[in-house]
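# Structural description and commentary
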Amino acid sequence: MNNNENPNTSVEEVSAVALDHLNDIQFNNALDRWVDRLGGYVSFLFLISVGISFYEIISRYFFNAPTIWVHESTTMICALCMAYGGSYCLARNTHISIKMLYDAVGDRGRHCLDIVNALLSVFFCSLIAYAGYIMTHKALFTPSGMFRLETSGSAWNPVTPAVVKTGLFVILLLMTLQSIIRLIQAIKKAR
Amino acid sequence: ADAKYKWTFQSGAQAGDSFFAIQQEWAKRVGVMSQGEIDIDLVPVNSVVAYNETLDAVGVGILQGHIADPSYFSGKDPAFAMLGNLVGAWSSPYQMFGFMEYGGGKEVYNQLVNPYGLQFIGAASTGVESFVSKTPIRSVEDFKGIKMRAPEGMVQEVFASINAAPVNLPGSEVYTALDKGVIDAADYSVFSTNQAQGLHKFAKYPLFPGFHSMPTLAVSMNKNIWDGLSPSLKEVLSVSVREFGYDMVQRLEMLDKQAVVEAKKDSSIEIINWPEEERAKFRGIAQKQWKKWAERSPMAKEVYTKVSAYLVSQDLLAK
Amino acid sequence: MFELSQMGIEAASYLMIGSILLLLITGLPLAFVTGLVALVFALGWFGPMSIPLITTRIYSFVNEYVLISIPMFVLMASILDRSGIAKDLYNTLRMFAGRLPGGVAVQTLFVAIFLAAMSGIIGGEIILLGLLALPQMLRLGYNQRLSIGTVCAGGSLGTMVPPSIVLIIYGLTANVSISELFLASVIPASLLASLYIAYILIRCFLDPKMGPPAPKEELDVSFAEKAAQLKSIILPVLVAVWVLGSIYAGIASVTEAACMGVVGVIISTIVRRELSFAMMKASLKQTLNTCGMIIWIGIGASALVGVYNLMGGNRFIQSVILGLDIAPIFIVLIMMAILVVLGLFMDWIGIALLTMPIFVPIIVSLGYSPIWFGILFSMNMQISYLSPPFGPAAFYLKSVAPPHISLKEIFLSLWPFILLQISALGLVMAFPSIALWLPGLN
Ligand code: NA
Ligand code: NA
């Protein structure tokens, strides 16, 4: 193993880049930009979940009055945010992938890989979005077709399962759409 | 050697749970009793889908059957909660078996699950759960202000109504929360399991025999498959499940008693046995909650009517 | 359909691994790779009616309560990173360990152990260290690979040191005492940490450039200056006390402790007058981004396990092991090998879900202690965090590391630590009393 070629230069810059590398992202299309902007608002939900969890801890420990709603609300908020994270990372191209082959091949190879990957993404996202539709339908309607929101069944009994399942379905649709645009762009670029 | 029917059933039990092995013996026995026509692969909780998603999975045929606590599906219909764990109704699992087999329980459960694409075969039980506590709780009044972990649904409401402070916690958090004192007590599992996981080491006042919670375990399978079975295979399944219910209850009772003997060797552990009048008081409070739940759906009302009639007929409930 | 089920589970197992590897190198996001393989096998094996299985598992996965601590730890890390707290802390640490080559890396390991006692989840700690320690070690001129290895290996300790979510899940699955598991893990975890520390010190002793001591002028400061500098570690120490205290005093559950951490750090930034809307916004966006990466990788693996179990994968593995006619200790050895191999492709939740129901009953029937095996399991999971191509520790770090540090560079940094982990695992296998002595189970 070698030492860094130049251990002492630009270290300040390194940490500066580390801070802000998330900010200068080139978006390829309007949808991605839109997903990114919405993410700015969605992420504030994390702060809300911190706030209510803290409220629960305080009211339980100091006032012996645990709430019945914090635990399920926090789970719901985080579930929706983490699911949205999938779309967000897709928009920003920050999903983790192994770039070994990608970096090794030339421009033409890269175009091919782009198309293949976009195709696979469309296939994956569209099928699980379809399954998400089935799941959401079950959460919104009884077997006899009557509208009812699936609840958690707890003492508080909120409609969180219906909300999260619907949210997940919308996010999967969004990811399908993002992948389709990506595919179109990859094909255009290859020509 | 190739079975005609190859099924995957998912259990609600963890792989290491004492009752998972008993459930697997049942699955094996079905193979022998059906002369190899049925081969059930019984997988532990969360293997294929999460514990509370098995109803849908069996319905569409991803799984062919499940052994599940109906309370997991209370969010789909409150009637599941009443069939899953009717707090305070049963002082022994045999009373619940009587209702399910002969008192109309089987019919009403099928009325509930058939539309979801499931056929109910029969019920089993882990027995009445014990209660783990760090402070001595000797009466209903002692529950006042006790921070306790309670599972979803009716059990939680009953404890709230006797002024305990129910805390929402997943099973995986119970151990450290109880150890460090985030909670004072927990509705968790049967005595032998609590003892095996070491909970009594720091929660030294278990309530045993239990009284607050006795989950039903419903064995059900995909209705389309069930409808296509020969009468003899249907009988193999029904009879084997009925026997499995008794088998499980008896063996878990024995394990509980062994664990009690072991716990008694530790003089710092005090096993609290509630007097009959406190048990009756608790049952009375729990019964008020059933009525509330009965109003929440037509099926819940149906279950309430059937169970009440059965309990009255058995002199277990004043009319 | 293609009737994949015709090929049988054995061939299908190899085909699964093969297709994961193939898809991985095309550069498709990891989350999609495992998910896609799960989808194709569900479709080909069972037909279209089985696709809802994948989405159901996604739903159940994101709805898991214990995962809540991940965004909270990430948020805590992001805020810390944007405030001056981290930099001040490391400057002070350097002043006190400055003369020792590799001293700051050793201190980072101590910070890691401290964090490990605060949380049971791995992702949060590595992200915290990745944001807190890595840029600082690089700034101080430490060798990049040594720094990366220290952060990843140290951060992984969170699942060995109690409270440990891996051991809790193992205890619940195997129905053994969690307190005995916690006690049993103390010496093996210390063993691992000591091996890491020894390795760092030896490397830096042989080549001081790897962990350069501070320049003389920086060390030759007056006592008064040193005391003044100490002030900068008051806040971080208070935050640590606040989080640890909230767990050990019974104020917060293990998951909630992460929330206490966020609150503590926000208060610290207010005290330092660093809190701003822009900083909060950037931290939250980073949290969303990091969680998206981490959670979606877990989602794919979880879907894969569900499909594989449904295909009868669990029965297949069981029959392979039970079919072996060898001495019991070799069966344990083979189980460890299977865990290592699975660890290449999956995260620990998936591995536990898949293998524990099969392994634990066999271990018990062979007469071995399930507590000991639990420790072996969690040590093995330490390896799985670091081993490529599916090394969660590397992914967590990559999500926060400066962009010039590639995934390849991270994995190249990790192998010496993987060797250390394997040696520690071998020691505990050969001498079970390392684990069983403390809970008194010898
Ligand atoms: Na830990
Ligand atoms: Na790995």
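Residues numbered from 1 in each chain as written. Chains lettered and ligands numbered in written order. Predicted model: local features only at pLDDT ≥ 70, side-chain atom pairs only at ≥ 80, totals over all residues. Heavy atoms only, no water.

### A word on the overall build of chain B
- Along the backbone of chain B there are twelve helices and nine strands.
- Computed over C-alpha atoms, the radius of gyration of chain B comes to 19 Å, within 12% of the 20 Å expected from 2.2 N^0.38 for 319 residues, which places it in the range of a compact globule.
- Once the C-alpha set of chain B is aligned to its principal axes, its extents read approximately 55 × 40 × 30 Å.
- A buried classification covers 64% of the 319 residues belonging to chain B.
- Of the roughly 11,400 Å² that chain B leaves accessible, carbon and sulfur atoms contribute 51%.
- Distance between charge centres in chain B, computed from 31 positive and 36 negative side chains, equals 3 Å. (Helix = DSSP H or I, 4+ residues; strand = E, 2+ residues; numbered from the N terminus. Rg over C-alpha atoms; globule rule 2.2 N^0.38 Å. Buried < 20%, exposed > 50% of the residue type's maximum accessible area, 1.4 Å probe, protein only. Areas by Shrake-Rupley, 256 points an atom, 1.4 Å probe, with all protein chains shown as cover. Lys, Arg positive; Asp, Glu negative; His and termini not counted. Charge placed at Lys NZ, Arg CZ, Asp CG, Glu CD.)

### Here we look at the pairing of strand 4 (residues 118–125) of chain B
Residues and elements named next belong to chain B.
- Strand 4 sits mainly inside the fold: eight of its eight residues count as buried.
- As defined by bridge partners, strand 4 adjoins strand 9 (residues 216–222) across seven bridges and the pair is classed as antiparallel. Paired with Ala 124 across the strands is Leu 217, a residue of strand 9. (Pairing = 2+ DSSP bridges.)

### Quick look at the interface of chain C and chain B
- Tallying the contact residues gives 41 residues for chain C and 37 residues for chain B.
- At the boundary of chain C with chain B, total buried surface from both sides reaches about 3,000 Å², with 58% on carbon and sulfur atoms.
- It is Leu 172, Asn 175 and Arg 315 of chain C in chain C that bury the most area against chain B; as a group they hold 20% of the surface buried on that side.
- The interface formed by chain C and chain B includes nine residue pairs in polar contact (both at pLDDT 80 or more). (Contact = heavy atoms within 4.5 Å. Buried area = accessible area lost by both parts, 1.4 Å probe. Polar contact = N/O pair within 3.5 Å; in protein donor to acceptor, adjacent residues only side chain to side chain.)

### Overview of the interface of chain C and chain A
- Tallying the contact residues gives 80 residues for chain C and 72 residues for chain A.
- Both sides of the chain C and chain A interface together cover about 6,800 Å² of buried area, and 76% of this is carbon and sulfur.
- Applying the counting rule to chain C against chain A returns two salt bridges.
- Close ionic contact of Glu 256 of chain C with Arg 60 of chain A constitutes a salt bridge, the shortest N to O distance being 2.8 Å.
- Here chain C and chain A share seven residue pairs in polar contact (both at pLDDT 80 or more) between them. (Salt bridge = Lys/Arg side-chain N within 4 Å of Asp/Glu carboxyl O.)

### Overview of the pairing of strand 3 (residues 65–68) of chain B
All names here are of chain B.
- By the alternation rule, side chains of strand 3 split into Gly 65 and Ile 67 and His 66 and Ala 68, which are all buried.
- Pairing of strand 1 (residues 5–11) with strand 3 involves three bridges; the strand directions are parallel. In the sheet register, Gln 10 faces strand 3, and the bridge partner there is His 66.

### A word on the sheet that holds strand 9 of chain B
Residue and element names in this part refer to chain B.
- Ordered by their spatial adjacency, five strands build an open sheet running 2-1-3-9-4, and the pairing between neighbours is mixed. The sheet terminates laterally at strand 2 (38–43) and strand 4, the two strands that pair on one side only. With strand direction ignored, the average angle separating the axes of adjacent strands in the sheet is 20°.
- Direction of pairing for strand 3 relative to strand 9: antiparallel, over a ladder of four bridges. Each residue of the ladder has a partner; that of Gly 65, found in strand 9, is Met 221. (Axes fitted to C-alpha atoms, helices over the stretch in contact; angles between N-to-C directions.)

### Details of the sheet that holds strand 6 (residues 147–149) of chain B
All names here are of chain B.
- Reading across from one edge, 5-8-6-7 is the order of the four strands in this open sheet, with mixed pairing throughout. Only two strands of the sheet have a single partner each, and these edge strands are strand 5 (131–133) and strand 7 (165–167). Averaged over all pairs of adjacent strands, the angle between strand axes in this sheet comes to 25°, irrespective of strand direction.
- With three bridges joining them, strand 5 and strand 8 (residues 185–187) adopt antiparallel strand pairing. Across the sheet, residue Ser 133 finds its bridge partner in strand 8, namely Ala 185.

### Quick word on the pattern of salt bridges
- Within this structure, the stated rule accounts for 30 salt bridges over all chains.
- In this structure, Arg 251 of chain B and Glu 25 of chain B form a salt bridge, with 3.0 Å as the shortest nitrogen-oxygen distance. Here Arg 251 of chain B, found in helix 10 (residues 231–264), pairs with Glu 25 of chain B, found in helix 1 (residues 18–33); they are 226 residues apart in sequence, far enough to count as distant.
- Arg 251 of chain B gets classed as partly exposed once you look at its relative accessible area, which sits at 30%.
- Assessed through its relative accessible area of 33%, Glu 25 of chain B is described here as partly exposed.
- A salt bridge links Lys 201 of chain B to Glu 180 of chain C, with the nearest nitrogen and oxygen atoms 3.4 Å apart. Of the two residues, Lys 201 of chain B is situated in the loop between helix 8 (191–196) and strand 9 and Glu 180 of chain C in helix 11 (residues 178–206); the pairing between them involves two chains.

### Things to note about helix 15 (residues 254–271) of chain C
All names here are of chain C.
- Taking 1.5 Å as the rise per residue, helix 15 with 18 residues should run 26 Å; its terminal C-alpha atoms sit 26 Å apart, in good agreement.
- Here helix 15 lies mainly inside the structure; 15 of its 18 residues are buried.
- Backbone geometry just after helix 15 places Arg 273 at a positive phi near 55°. (Expected span 1.5 Å × (residues − 1).)

### Details of the packing of helix 9 (residues 144–156) of chain C against helix 20 (residues 370–386) of chain C
Residue and element names in this part refer to chain C.
- Direction vectors running N to C along helix 9 and helix 20 enclose 145°, while the axes themselves pass 9 Å from each other. Where helix 9 crosses over helix 20, the two elements pack in a sense that is right-handed. Together, Cys 152, Ala 153 and Ser 156 of helix 9 and Gln 382, Tyr 385 and Leu 386 of helix 20 make up the contact between the two elements. (Left-handed = near helix turned anticlockwise from the far one by under 90°.)

### Considerations on the state of the cysteines
- Throughout the structure, instances matching the rule amount to zero disulfides over all chains.
- We note that Cys 152 of chain C lacks a disulfide partner, and the nearest cysteine sulfur, in Cys 204 of chain C, lies 17 Å from it.
- The thiol of Cys 259 of chain C is unpaired, and the distance to the nearest cysteine sulfur, on Cys 78 of chain A, comes to 10 Å.
- When its relative accessible area of 1% is taken as the criterion, Cys 259 of chain C is described as buried. (Disulfide = S-S within 2.5 Å.)

### A few points about the nonpolar core
- Within the largest apolar cluster, 295 residues are counted, with the highest numbers of intra-cluster contacts made by Trp 90 and Phe 143 of chain B.
- Considering each element in turn, this core owes the most residues, 17 residues, to helix 16 (residues 277–310) of chain C.
- In contact with Trp 90 of chain B, not counting residues within four places along its chain, are Gln 95, Met 96, Phe 99, Met 214, Val 307, Tyr 310 and Leu 311 of chain B.
- Judged by nonpolar contacts, the second largest core, of 28 residues, contains Ile 67, Leu 217, Leu 233 and Val 236 of chain B. (Core = buried A, V, L, I, M, F, W, Y, C linked by side-chain atoms within 4.5 Å.)

### As for unusual backbone geometry
- In the segment running from Phe 208 of chain B into Pro 209 of chain B, the intervening peptide bond is cis, with an omega of -10°.
- Topologically, Pro 209 of chain B is positioned in the loop between helix 8 and strand 9.
- Of note in the backbone geometry, Asn 93 of chain A takes a positive phi value of approximately 60° without being a glycine.
- Checked against the element boundaries, Asn 93 of chain A lands in the loop between helix 4 (70–92) and helix 5 (100–104).

### Points about the packing of helix 10 (residues 165–174) of chain C against helix 20 of chain C
Residue and element names in this part refer to chain C.
- Contact geometry for helix 10 and helix 20: axes closest at 10 Å, N-to-C directions at 140°. Between helix 10 and helix 20, the angle is such that the two are oblique. For the pair helix 10 and helix 20, the sense of crossing is right-handed. Of helix 20, the residues touching helix 10 (which contributes Val 166, Leu 167 and Tyr 170) are Pro 370, Phe 373, Gly 374, Ile 375, Phe 377, Ser 378 and Tyr 385.
- Partitioned by chemical class, the residues of the contact of helix 10 with helix 20 number eight nonpolar, two polar and no charged. (Parallel < 35°, antiparallel > 145°, perpendicular 65-115°, else oblique. Nonpolar A, V, L, I, M, F, W, Y, C, P; charged D, E, K, R; others polar.)

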